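A look at the structure
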Amino acid sequence: MKKTAITNVAIFDGSGGDVFNGEILIEGNRIVEVARFPEKIAAQADQFIDGKGKFLMPGMTEAHTHFSWNDQPTLAAIQMMPPEEHILWCVEVAKRYLDMGWTSAIGAAAAKARLDVVLRNAINAGQCPGPRYLAGSQEITTLGGLGDMTLPHLPFEEFSFGHIVIGPEEVRKATRMFLKFGVDHLKINLSGEYIAGIPAELSPFSEEEIAMLTTEAKRNGKRVAAHARSAESVKQCVRHGIEMVFHASFADEEALDMLEANKEKHFVAPGIGWLVRTSFHASEYGITPEIAEKMGYRHELEAAADTLRKMHRRGIRVLPGGDYGFAWMPHGTNANDLQYFVDYIGMTPKEALLSATRLGGEIMMRGDELGQIQPGFLADLVLVDGDPLCDLRILTDPARIAMVMQDGVIHKDVRDTAPREAALHLPASEIPWHDKGVQEAVPA
Ligand SMILES: [Zn+2]
């Protein structure tokens, strides 16, 4: 098997240790050796990649993606996209994630029943490039819940991006349908969402309905993910063993205690970018900060910052990503979440980077081979032009993602066309996609 060495790099290995200079050796699709300067291992290699002093880190995992969200300003625009265009869109988006160094991703729900599954299968078959992908179901919701887009005079369910169920037997049927399609996990909407006109504090599902979903999923060895903004919905996640908790903004002390007592089991992917960008950066699309405040998002951001800060202190696993794919937070800008973790949750830049790498491997259920640069781990790597620990926002700049390797294969390599060294010291405001709203962070 061919051996490849990546030399002359500053290595962030995802273990929690400090960055060190060194080189690594890859054989096939796995890392076989990691050496600290001045130790040399490159002589064993058949080919070399000169890292030119750049920053080498494990590929990142996006913990809450919706590839079928289509970078438009409304939920209606997502659901009205015809299926043929929609799958082509997902294919395009999957490549965009990989280009930006997201080598793994969790599908948090697809806008049509089979989009995620078909895309995952295409990626696995090598038909199109994309992150290692775990496919979600549609959002399983109830009448009047988030994802029910039917109108009183136009009750056509097929136009809803959610799959509507009422009562345990309909939940069973929906779950078995998605299992038949081949999802990796089920997704249920256990709380409301302001932009859909449903209070985030609302928890519309009964215990019987949730129990049916989780029982059917577990019997088939599948995990469950939940849209859970309200305190009660977070408690439902713990009570019913729902592993992936999305949002959790209004988790109260009891919910935090429950999560902490089960922190080996649960992951929280808050989608903080959605709250920040909808609160401060959606004016162009009709959601001014004043309107966002009236909708409830400013209040939710303040609550979430407080809650997530407590979660992080309690050692509950909080991961980046979530709900990118709207006009004011297009796919590809997901690394904004990392700086938001620092600004709003109090993570250090290193902790933010670990949440995207080591914890990413864990949520992919492959913590022993994904998310770190260690011998035996899969060669999913990102070479960054600049030091993300000094400025996490450089991870939102396509030109600074100098090289992406997935499964030992180079997917992208712009080492020679990336900005010159001087560009490393660009002020953050000149970085493309730089979020000018970071200074509007809610004070700690
Ligand atoms: Zn979501």
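This text goes with the structure placed above it.
Notes on the structure in this doc start here. (Residues numbered from 1 in each chain as written. Predicted model: local features only at pLDDT ≥ 70, side-chain atom pairs only at ≥ 80, totals over all residues. Heavy atoms only, no water.)

**Considering the pairing of strand β10 (residues 162–165)**
In β10, alternate side chains face the same way, and those of Gly 162 and Ile 164 on one face and His 163 and Val 165 on the other are all buried. Pairing of strand β9 (residues 136–142) with β10 involves four bridges; the strand directions are parallel. Bridge assignment links Glu 139 to a residue of β10, and that residue is Gly 162. (Buried < 20%, exposed > 50% of the residue type's maximum accessible area, 1.4 Å probe, protein only. Helix = DSSP H or I, 4+ residues; strand = E, 2+ residues; numbered from the N terminus. Pairing = 2+ DSSP bridges.)

**Re the coordination of the zinc ion**
Within the protein, the atoms that donate to the zinc ion are His 64 (NE2), His 66 (NE2) and Asp 323 (OD), at distances of 2.1 to 2.2 Å. In terms of primary sequence, the donors binding the zinc ion are separated according to H-x1-H-x256-D. Residue His 64 is found in strand β6 (residues 60–65), and its partner Asp 323 is found in the loop between α10 (297–313) and α11 (336–345); the two are separated by 259 residues along the sequence. Residue His 64 shares its accessibility class with Asp 323, and that shared class is buried. (Donors = N, O, S within 2.8 Å, 3.2 Å for Na, K, Ca; no water.)

**Focus on the sheet that holds strand β8 (residues 132–134)**
Strand order in this open sheet of three strands is β6-β7-β8, and the pairing throughout is parallel. The open sheet has two free edges, formed respectively by β6 and β8, since each of these has just one partner strand. Between one strand axis and the next, the sheet turns by 15° as a mean value, whatever way the strands run. Relative to β8, strand β7 (residues 102–107) is paired through three bridges, and the arrangement is parallel. From the neighbouring strand, Ile 106 faces β8, where its bridge partner is Leu 134. (Axes fitted to C-alpha atoms, helices over the stretch in contact; angles between N-to-C directions.)

**Things to note about empty space enclosed by the protein**
Inspection of the entire model under this criterion finds one cavity of 30 Å³ or more. Space inside the largest cavity adds up to approximately 140 Å³. For the lining of the largest cavity, the residue count by class is seven nonpolar, three polar and five charged. (1 Å grid on protein atoms, 1.4 Å probe; cavity = no way out; pocket = protein on both sides within 12 Å on 5 of 7 lines; lining within 4 Å. Points joined across faces, edges and corners; volume = space filled by probe spheres on them. Nonpolar A, V, L, I, M, F, W, Y, C, P; charged D, E, K, R; others polar.)

**Regarding the packing of helix α8 (residues 272–280) against α10**
With their axes 9 Å apart at the nearest point, α8 and α10 run at an angle of 145° to one another. The hand of the α8/α10 crossing is left-handed. Facing Ile 272, Trp 274, Leu 275, Val 276, Thr 278, Ser 279 and Phe 280 of α8, the residues of α10 in contact are Tyr 297, Arg 298, Glu 300, Leu 301, Ala 304 and Leu 308. The residue inventory of the contact of α8 with α10, partitioned by class, reads nine nonpolar, two polar and two charged. (Left-handed = near helix turned anticlockwise from the far one by under 90°. Contact = heavy atoms within 4.5 Å.)

**Side note on the pattern of salt bridges**
Going through the model one piece at a time under the given rule, you end up with 32 salt bridges. Across the pair Arg 366 and Glu 369 runs a salt bridge whose closest N-O atoms are separated by 2.8 Å. Take Glu 369: its relative accessible area is 15%, and that puts it in the buried class. Residues Asp 391 and Arg 393 are paired through a salt bridge, measuring 3.0 Å at the closest nitrogen-oxygen approach. The pair formed by Asp 391 and Arg 393 is uniform in burial state, with each residue classed as buried. Residues joined by salt bridges that share partners form a network here, namely Glu 253, Asp 257, Glu 260, Asp 306, Lys 310 and Arg 314. (Salt bridge = Lys/Arg side-chain N within 4 Å of Asp/Glu carboxyl O.)

**Here's the deal with the environment of Ser 206**
With respect to the helices, strands and loops of the structure, Ser 206 is situated in the loop between β11 (185–189) and α5 (207–219). Note on Ser 206: relative accessible area 27%, which makes it partly exposed. The sequence separation of Ser 206 and Glu 302 amounts to 96 residues, and the corresponding C-alpha distance is 28 Å.

**Looking at the sheet that holds β9**
Reading across the sheet, the six strands line up as β10-β9-β11-β12-β13-β14 and stay open at both edges, with parallel pairing between neighbours. Lying at the two open borders of the sheet, with one neighbouring strand each, are β10 and β14 (267–269). Put simply, the sheet's adjacent strands are angled 30° from each other on average, direction ignored. Where strand β12 (residues 223–228) and strand β13 (residues 244–247) come together, four bridges link them in parallel fashion. Bridging from a neighbouring strand, His 227 pairs with Phe 246 of β13.

**Here we look at α8**
Among the nine residues that make up α8, nine are buried, leaving the element largely enclosed by the rest of the structure. Every buried residue of α8 is accounted for by Ile 272, Gly 273, Trp 274, Leu 275, Val 276, Arg 277, Thr 278, Ser 279 and Phe 280. In the core, the buried residues of α8 are packed alongside α9 (289–295), α10 and α11.

**Some remarks on helix α2 (residues 83–99)**
The terminal C-alpha atoms of α2 lie 25 Å apart, and with 17 residues this matches the ideal 24 Å at 1.5 Å per residue to within 8%. Following α2 by one or two positions, Gly 101 has its phi on the positive side, about 90°. (Expected span 1.5 Å × (residues − 1).)

**What about the side chain of Thr 61?**
Mapped onto the elements of the fold, Thr 61 is located in strand β6. Aside from chain neighbours lying at most four places away, what touches Thr 61 is Trp 102, Ser 104, Ala 105, Pro 320, Ala 356, Gly 360, Gly 361, Ile 363 and Met 364.

Keep in mind that these numbers describe shape and distance, not what the molecule does.
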